[in-house]
Amino acid sequence: MASQSNLMTEGSIQKHLISFAVPLFLGNLFQQLYNTADSLIVGNFLGSEALASVSSSGHLIFLMIGFFNGIAIGGGVVSANYFGARDKEGLSRSIHSLTAFGLAAGAALTLIGILLAPGILTLMGTPEQILAGSITYFRIYFAGSIPFVMYNIFVGILQSVGDSRHPLYYLVIASLINIVLDLLFIAGFHMGVGAAAGATVISQLISMVLCLRRLLCTKEEYRLIPSKIRFDPPMLKKIIRNGLPAGFQNSIIGFANVIVQTNINSFGEIAVAGQGVYSKIEGFGFLPITCFAMALTTFISQNLGAGKIERAKKGARFGLFCSMSVAEVIGILIFIFAPFLMGLFDRNPEVIVSGVGRARADCLFYCLLAFAHGTAGVMRGAGRASVPMFVMLGCWCIARVAFITVALHFIPSINVINWAYPLTWALSSVVFLIYYLRSDWTNMSKERKFA
């Protein structure tokens, strides 16, 4: 039933994981490039204040969109499990229910984002001189919530059946369009920070349409048929049961980062800009981490769906090793070239110093971040999505915020915030390692089975 070229249950483990992860890596690279393009062009053409306006909204955007993207990840796991089990009917029901959920979620997110933007940004202590720009950027960004959510839904469907190539092609197209529009709106027409958000929304809409076209036109069993898009209560329950922990996990991380951003805001505009620049550069360190975590989720889910436990274990070990190795190499390169990379975004020496301080504290520990995310991907694929949710709630939210709150009271320095990240990555890695080694995570009990 299933397309053999997309099944990960037969053949070389290494070949399947790498051939699936490489297009994901390239796709995420282009996505990071067009996210970075906003900051590069804004920083160089509009200055540090405009750059801070864009940067101050980033964690809040992740908090709101991350929840629904987590549900999309959970839906993809369910679809991958049906695909691995060669259950055509279950695959179709999961795809159409997930699409219906995405449309409803995107509409709700549009209203929430536009209406609540001023109040939330004010509560975060956003510096007054950048507040107006931050609100404009945030509102325009969330006006495009449906394209953002549906793009992630469609990519999740394609990846669940082993197709990581087409999302790559669409991201390349969207990235180029976004960069061209940024240059046209900001450098050419001298428009403000809202134009950067507008360019991102337009490019995301185009990539969503391309994904939709692929799903509508394919002859494979995962074809999307508009007349079948509806809420299937039993299937929606499975999707939400598996996706809710991932959604909460994203929201937990986002909420913790919003609180951290509030502390960063207290250090002023320069700190906001410097930390924002680093976050764009850090995104490149996340590339192997994200792509191998997603590849592991799909690989584990398909193989456990097919009952191939030993193959799932071997794939988990190989994927974790690759993710940690590549992430650490990128971290070392960022550590070495941090001053040059920061200068590409903003020539203000104070902004560069602020960003370099964060980079030098964090980037040598990317291997720990890779292990945590990779193990989380394995657990999601095994139907244990609640495990990474609780680990990250404890380590990346409670422990991180508590450390920053207490330490800043005694040491009022931005370095406290810089070092909070590698410390909590290390803590979560220890917890994940203990669970990975001591639990029978491949044993999918009845309540975790999808089929």
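A brief report on the enclosed structure follows. Computed from a predicted structure; not experimentally measured.

Criteria and thresholds
- Residues numbered from 1 in each chain as written.
- Predicted model: local features only at pLDDT ≥ 70, side-chain atom pairs only at ≥ 80, totals over all residues.
- Heavy atoms only, no water.
- Helix = DSSP H or I, 4+ residues; strand = E, 2+ residues; numbered from the N terminus.
- Rg over C-alpha atoms; globule rule 2.2 N^0.38 Å.
- Contact = heavy atoms within 4.5 Å.
- Areas by Shrake-Rupley, 256 points an atom, 1.4 Å probe, with all protein chains shown as cover.
- Lys, Arg positive; Asp, Glu negative; His and termini not counted.
- Charge placed at Lys NZ, Arg CZ, Asp CG, Glu CD.
- Phe/Tyr/Trp six-rings, centres within 6.5 Å; stacked < 30°, edge-to-face > 60°.
- Buried < 20%, exposed > 50% of the residue type's maximum accessible area, 1.4 Å probe, protein only.
- Lys NZ or Arg CZ within 6 Å of the ring centre and 35° of its normal.
- Salt bridge = Lys/Arg side-chain N within 4 Å of Asp/Glu carboxyl O.
- Core = buried A, V, L, I, M, F, W, Y, C linked by side-chain atoms within 4.5 Å.
- Expected span 1.5 Å × (residues − 1).
- Polar contact = N/O pair within 3.5 Å; in protein donor to acceptor, adjacent residues only side chain to side chain.
- Axes fitted to C-alpha atoms, helices over the stretch in contact; angles between N-to-C directions.
- Parallel < 35°, antiparallel > 145°, perpendicular 65-115°, else oblique.
- Nonpolar A, V, L, I, M, F, W, Y, C, P; charged D, E, K, R; others polar.
- Disulfide = S-S within 2.5 Å.

1. Some remarks on the overall build of the protein
And step 1. Of the regular secondary structure elements, the protein holds 15 helices and zero strands.
And step 2. Taken over C-alpha atoms, the radius of gyration comes to 21 Å for the protein, in line with the 22 Å a tight globule of 451 residues would show.
And step 3. Taking the principal axes of the C-alpha coordinates as reference, the protein spans close to 60 × 45 × 35 Å.
And step 4. Considering only intrachain contacts with a sequence separation of at least 6, the fraction spanning at least 24 residues in the protein is 85%.
And step 5. By element, 69% of the accessible surface of the protein is carried by carbon and sulfur atoms, the whole surface being about 17300 Å².
And step 6. For the protein, the centre of its 31 positive side-chain charges and the centre of its 20 negative side-chain charges are spaced 12 Å apart.

2. Considerations on unusual backbone geometry
And step 1. Backbone geometry places His190, a non-glycine residue, at a positive phi of 55°.
And step 2. Considering the arrangement of structural elements, one finds His190 in the loop between α7 (165-188) and α8 (193-217).

3. Quick look at the packing of aromatic side chains
And step 1. Per the stated rule, a full pass over the model turns up eight aromatic pairs.
And step 2. Aromatic side chains Phe365 and Trp419 sit 6.1 Å apart centroid to centroid with 70° between the ring planes, which places their arrangement in the edge-to-face category. On the criterion of sequence distance, the pair formed by Phe365 in the loop between α12 (349-362) and α13 (366-381) and Trp419 in helix α15 (residues 414-438) is long-range, its members being 54 residues apart.
And step 3. For Trp419, a relative accessible area of 38% corresponds to the partly exposed category.
And step 4. Taken together through their ring pairs, the aromatic side chains of Tyr137, Phe138, Tyr141, Phe142 and Phe148 make up a single cluster.
And step 5. Across from the ring centre of Tyr421, 4.2 Å away, lies the NZ or CZ of Arg358, which sits over that ring.
And step 6. In this arrangement the basic side chain of Arg360 is found over the ring face of Phe335, its NZ or CZ atom lying 4.9 Å from the centre.

4. Let's talk about the pattern of salt bridges
And step 1. Under the counting rule described, the total for this entry stands at five salt bridges.
And step 2. Of the charged contacts, one joins Glu10 and Lys308 as a salt bridge, the two residues approaching to 2.5 Å between their closest N and O atoms. Of the two residues, Glu10 sits in the segment before α1 (13-46) while Lys308 sits in the loop between α10 (269-305) and α11 (309-345), which places them 298 residues apart along the sequence.
And step 3. By relative accessible area, Glu10 is classed as partly exposed at 45%.
And step 4. As a salt-bridge pair, Lys313 and Glu310 come within 3.8 Å of each other at their nearest N and O atoms. Taken together, the positions of Lys313 and Glu310, both in helix α11 and three residues apart, correspond to about one turn of that helix.

5. Re the nonpolar core
Soluble globular proteins tend to bury their nonpolar side chains together.
And step 1. In terms of nonpolar packing, the biggest core is built from 67 residues, with Ile300, Met342, Trp396, Phe432 and Trp441 touching the most fellow members.
And step 2. Residue contributions to this core peak at 14 residues, all from α10.

6. Remarks on α10
And step 1. For α10, spanning 37 residues, the distance from its first C-alpha to its last is 51 Å, which sits close to the expected 54 Å at 1.5 Å a residue.
And step 2. Buried residues dominate α10, accounting for 30 of its 37 residues.
And step 3. Where α10 terminates, the next one or two residues include Gly307, which has phi positive at roughly 80°.

7. Topic: the side chain of His16
And step 1. Along the chain, His16 falls in helix α1.
And step 2. Among the polar contacts listed, one links the side chain of His16 to the backbone oxygen of Glu10, at a separation of 2.5 Å.

8. A look at the packing of helix α4 (residues 88-123) against helix α9 (residues 233-265)
And step 1. Where α4 meets α9, the axes come as close as 9 Å, and the angle between the chain directions of the two elements is 75°. On the basis of their axis angle, the class for α4 and α9 is roughly perpendicular. Taken together, the residues of α9 that come into contact with α4 (itself represented by Gly90, Arg93, Ser94, Ser97, Leu98 and Phe101) are Pro234, Met235, Leu236 and Ile239.
And step 2. Tallied by class, residues from the contact of α4 with α9 come to six nonpolar, three polar and one charged.

9. Focus on the state of the cysteines
And step 1. Going through the model one piece at a time under the given rule, you end up with zero disulfides.
And step 2. Cys363 carries a free sulfur, and the closest cysteine sulfur to it, the one in Cys367, is 11 Å from it.
And step 3. Here Cys397 stays free of any disulfide, with the sulfur of Cys395 as its closest cysteine sulfur at 11 Å.

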